[in-house]
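Geometric and topological summary
The chain contents come next:
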Amino acid sequence: MRGLNFVVGLTVGVAVGALVSVMFAPKSGIETKQSLREITEEARRRTEEIKSRGRRYVETERTHIQEAVDAGRQAAEEKRRQLETQLHVESPTVV
């Protein structure tokens, strides 16, 4: 997750830096508007990429967690059976 935070911070920093450089660059209004459009589109593209990576990361982790939970349940069930078997073997049945 730290890596994702870094990428988000980097993307925001690049977008802000680009915006500031466009605002202070000696260009005409039309050129400035075009530059702003390009920066905005690049920021959108990067944002979508980050969202996509984040979704993949969450889905992968969700799968790992579910696998661990399933393994834990299976281990608990096996141990329960072992203990029940042991309990029945060690204690005689009263008739």
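Going by the structure above, here's the rest.
Quick notes on the rules
- Per chain, residues are indexed from 1 in the order of the written sequence.
- Two thresholds apply to this predicted model, a pLDDT of at least 70 for residue-level local features and 80 or more for giving and counting side-chain atom pairs, whereas whole-chain, interface and lining totals are computed over all residues.
- Side-chain metrics in this entry use all non-hydrogen atoms of the structure; hydrogen atoms and water are not considered.
- In what follows, salt bridge is the name for a side-chain nitrogen of Lys or Arg lying within 4 Å of a carboxyl oxygen of Asp or Glu.
- Counting from the N terminus, the helices are DSSP H or I runs at least four residues long and the strands are E runs at least two residues long.
- Residue burial is assigned from relative accessible area. The probe radius is 1.4 Å, only protein chains are included, and a residue is buried under 20% of its type maximum, exposed over 50%, and partly exposed in between.
- Only residues whose relative accessible area exceeds 30% and that form no salt bridge enter a patch; like-charged residues are grouped when within 9 Å of one another, and nonpolar side chains (Val, Leu, Ile, Met, Phe, Trp, Tyr) when within 5 Å.
- Only the protein chains shown count as cover for residues, with accessible areas throughout obtained via the Shrake-Rupley method and a probe of 1.4 Å.

Details of the pattern of salt bridges
Applying the stated criterion to the full structure yields ten salt bridges. When the shortest N-O distance is used, the salt bridge between Glu41 and Arg44 registers 2.6 Å. With Glu41 and Arg44 both in helix α2 (residues 29-90) and three residues apart, the pair spans about one turn of that helix. Glu41 gets classed as partly exposed once you look at its relative accessible area, which sits at 47%. Through salt bridges with shared partners, a single network forms among Glu42, Arg45, Arg46, Glu49 and Arg53.

Points about a nonpolar patch on the surface
A surface patch of nonpolar side chains, amounting to about 470 Å² of accessible area, comprises Val8, Val12, Val16, Val20 and Phe24. If you trace the backbone, Val12 turns up in helix α1 (residues 2-24). The exposure class of Val12 is partly exposed, given its relative accessible area of 48%.

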